[in-house]
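Listed here are the chains, written in short residue letters.
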Amino acid sequence: MDAEGHENFREFVENRSTALLRTAVLLNGGDRHAAEDLLQNALIKAAGRWHRIDEPEAYVRQILYRQQVNRWRLKWPRRELSVPETPESPAHHSADDGPGAADLRIVMRAALARLTARQRSVLVLRYFEDLPEADVARLLGCSVGTVRSTTHRSLARLRSLAPELAALGPADAEQQPSRDFSPVEVRP
C-alpha cells in the first residue's frame, strides 16, 4: 500500500470504525470482544485490497456479514463467553434519548444475545442495516424464502424471550385503530 492509500485507509478507520463496531456488536449478540475481533479481521482483509475497493464501507460491512455467517456455519458448537453487561457509552446516543430509550436498548441487546447467531444476523441485516430481503439472502448465501422464514421465526422468538419490549415500545403502537366489525346502525 502506498503512502496515499495508507492515509486514506487510516482516515476511513478513524471515521467509520465506531459505526462498524456497533454493527459487529449486534451481529455478535452484544459480545464486544468478539465484535472487536470480527471488525479487526474485516479491516485486515480490506487493507490488503484497499487500492481495488470502490466503496470501502460497503466492502467492510460485507466482510463482517460473511465472517459472521462462517462462524455460525461451523460444524461444531462453540461455547458462548459470558461477560457482564456494561452500559453503552453516552457518546453513541442522541440528546433526545430518554431513560425509556436506554431501557429499550438494554432489553433489546439482552434479547438479541439470546437468539442464535443466524437469527441475530438476519434481524440485524433486515432491521438495523435496513437491507431488503434479496440483499440479505445474497449476503448470507441463502434464498429469499429462507430469509423470510428466519425473520418470522426470529421475531417470534424475540417476542417470547422479551415480552417486556412491547411495554417499552412507542406509545402510538397501542393507539392503532381497532378493527371492530360489529354491525352499525345506519340511518338515512
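Residues numbered from 1 in each chain as written. Predicted model: local features only at pLDDT ≥ 70, side-chain atom pairs only at ≥ 80, totals over all residues. Heavy atoms only, no water.

> Talk me through helix α1 (residues 3-27); I want residue IDs and the actual numbers.
The largest bend in α1 is about 55°, located at R16. Once α1 ends, the next one or two residues include G29, with phi positive near 70°. (Bend = angle between axes of the 7 residues up to and from the residue. Helix = DSSP H or I, 4+ residues; strand = E, 2+ residues; numbered from the N terminus.)

> So what about the nonpolar core? Which residues, and what values?
The biggest cluster of nonpolar side chains holds 39 residues, and the ones touching the most others in it are L39, V60, L64, Y65, L125 and L158. Contributing elements (two or more residues each) for this core: α1, α2 (32-48), α3 (56-72), α4 (99-113), α5 (117-128), α6 (133-140) and α7 (144-161). Of the residues forming this core, the biggest block, 8 residues, is contributed by α1. L64 has contacts with L20, A24, L27, L38, L39 and A42, leaving out every residue within four places of it along the chain. (Core = buried A, V, L, I, M, F, W, Y, C linked by side-chain atoms within 4.5 Å. Buried < 20%, exposed > 50% of the residue type's maximum accessible area, 1.4 Å probe, protein only. Contact = heavy atoms within 4.5 Å.)

> Could you give an account of the packing of α6 against α7, naming the residues involved and the relevant values?
α7 packs onto α6 with a crossing angle of 105° between their chain directions and a minimal axis gap of 8 Å. Taken together, α6 and α7 sit at an angle that is classed as roughly perpendicular. Across from E133, A134, V136 and A137 in α6, the residues of α7 making contact are V144, V147 and R148. (Axes fitted to C-alpha atoms, helices over the stretch in contact; angles between N-to-C directions. Parallel < 35°, antiparallel > 145°, perpendicular 65-115°, else oblique.)

> Describe in detail the side chain of R120, supporting the description with residues and values.
Relative to the assigned elements, R120 resides in helix α5. With relative accessibility at 8%, the residue R120 sits in the buried group. For R120, the side chain forms a polar contact with the main-chain oxygen of L115, separated by 2.9 Å. Among residues more than four places away in sequence, those in contact with R120 are L26, L27, N28, G29, L112, A113 and L115. (Polar contact = N/O pair within 3.5 Å; in protein donor to acceptor, adjacent residues only side chain to side chain.)

> Lay out the pattern of salt bridges with the relevant residues and their values.
The tally for this structure, following the rule as stated, stands at 8 salt bridges. With a closest N to O distance of 2.7 Å, E129 and R61 form a salt bridge. Taken together, the residues E129 in the loop between α5 and α6 and R61 in helix α3 connect sequence positions 68 residues apart. (Salt bridge = Lys/Arg side-chain N within 4 Å of Asp/Glu carboxyl O.)

> Pulling in residues and values, what's your account of the side chain of Q67?
Mapped onto the secondary structure, Q67 falls in helix α3. The class for Q67 is buried, based on a relative accessible area of 11%. Excluding residues that lie within four positions of it along the chain, Q67 makes contacts with L38, N41, A42 and K45.

> Requested: an account of the packing of aromatic side chains, with residues and values cited.
Enumeration according to the criterion identifies 2 aromatic pairs in this entry. Ring centres of F9 and W50 lie 5.0 Å apart, and the angle between their planes is 80°; this geometry places the pair in the edge-to-face category. Pair noted here: F9 is in helix α1 and W50 is in the loop between α2 and α3, with a separation of 41 residues, a long-range link. Neither F9 nor W50 differs from the other in exposure class; each is buried. Summarising the aromatic geometry, the rings of F12 and W50 are spaced 5.4 Å apart at their centres and angled 45° between planes, so their arrangement reads as tilted. Taken together, the residues span a long stretch of sequence, with F12 in helix α1 and W50 in the loop between α2 and α3 at a distance of 38 residues. Accessibility classification places F12 together with W50 in one group, the buried group. The structure contains a cluster of three or more aromatic residues connected by ring pairs, namely F9, F12 and W50. (Phe/Tyr/Trp six-rings, centres within 6.5 Å; stacked < 30°, edge-to-face > 60°.)

> Run through the packing of α1 against α2, naming residues and quoting values.
As a packed pair, α1 and α2 sit with axes 9 Å apart at the nearest point and diverge in direction by 140°. Between α1 and α2, the angle falls in the class oblique. The handedness of the crossing between α1 and α2 comes out as right-handed. Contact residues: α1 offers F9, F12, V13, S17, L20, L21, A24, V25 and L27, while α2 offers R32, A35, E36, L38, L39, L43 and A47. Broken down by class, the residue content of the contact of α1 with α2 amounts to 13 nonpolar, 1 polar and 2 charged. (Left-handed = near helix turned anticlockwise from the far one by under 90°. Nonpolar A, V, L, I, M, F, W, Y, C, P; charged D, E, K, R; others polar.)

By themselves these figures say nothing about function.
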